[in-house]
Amino acid sequence: MPSPPETRRPWASWQRRHLELCWRQDCDIDPLILRARLLHRQQARGLAVSIEQELLPLV
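Because the structure is a prediction, the values reported are computed rather than measured.

Quick look at unusual backbone geometry
Move 1: The backbone of Q43 sits at a positive phi, close to 65 degrees, despite the residue not being glycine.
Move 2: Following the sequence through the fold, Q43 ends up in the loop between helix 2 (31-41) and helix 3 (45-55).

Considering the pattern of salt bridges
Move 1: The final tally for this structure, using the stated rule, is one salt bridge.
Move 2: Put simply, R16 and E20 hold a salt bridge, and the shortest N to O gap is 3.2 Å. You can see R16 and its partner E20 sitting in helix 1 (residues 5-26), four residues apart, about one turn around the helix.
Move 3: For R16, a relative accessible area of 44% puts it in the partly exposed group.
Move 4: Looking at E20, the relative accessible area reads 29%, which means it is partly exposed.

Some remarks on the confidence of the model for the protein chain
Move 1: In the predicted model, the protein chain carries a mean pLDDT of 78, and the fraction of residues at 70 or more is 69%.
Move 2: Of all the helices and strands in the protein chain, helix 1 carries the lowest mean pLDDT, 71, while helix 3 carries the highest, 91.

Thoughts on a nonpolar patch on the surface
Move 1: Together, L32, I33 and L55 give the surface a local cluster of nonpolar side chains, amounting to about 200 Å² of exposed area.
Move 2: For L55, the location among the structural elements is in helix 3.
Move 3: A relative accessible area of 32% places L55 in the partly exposed class.

Topic: the nonpolar core
Move 1: In this structure, A36, L39, A44, A48 and I51 together form the largest nonpolar core, which totals five residues.
Move 2: The set of elements that each furnish at least two residues to this core consists of helix 2 and helix 3.

Analysis parameters
Residues numbered from 1 in each chain as written. Predicted model: local features only at pLDDT ≥ 70, side-chain atom pairs only at ≥ 80, totals over all residues. Heavy atoms only, no water. Helix = DSSP H or I, 4+ residues; strand = E, 2+ residues; numbered from the N terminus. Salt bridge = Lys/Arg side-chain N within 4 Å of Asp/Glu carboxyl O. Buried < 20%, exposed > 50% of the residue type's maximum accessible area, 1.4 Å probe, protein only. pLDDT = per-residue confidence, 0-100. Patch = residues over 30% accessible without salt bridge, like charges linked within 9 Å, V, L, I, M, F, W, Y side chains within 5 Å. Areas by Shrake-Rupley, 256 points an atom, 1.4 Å probe, with all protein chains shown as cover. Core = buried A, V, L, I, M, F, W, Y, C linked by side-chain atoms within 4.5 Å.

This is how it looks when you write it as structure tokens:
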């Protein structure tokens, strides 16, 4: 049986605040950086390093 809404509110409120903070932090992150992070988490180091090389500034 689902818990009453009164017991879920604090958790839902915390989740919403946490999500809003994450959106603020990640909004300016390049999609390639996010892809590289995902590849590192998936243990695809070679692909992640390749993408990271694309992100290096040309000097």
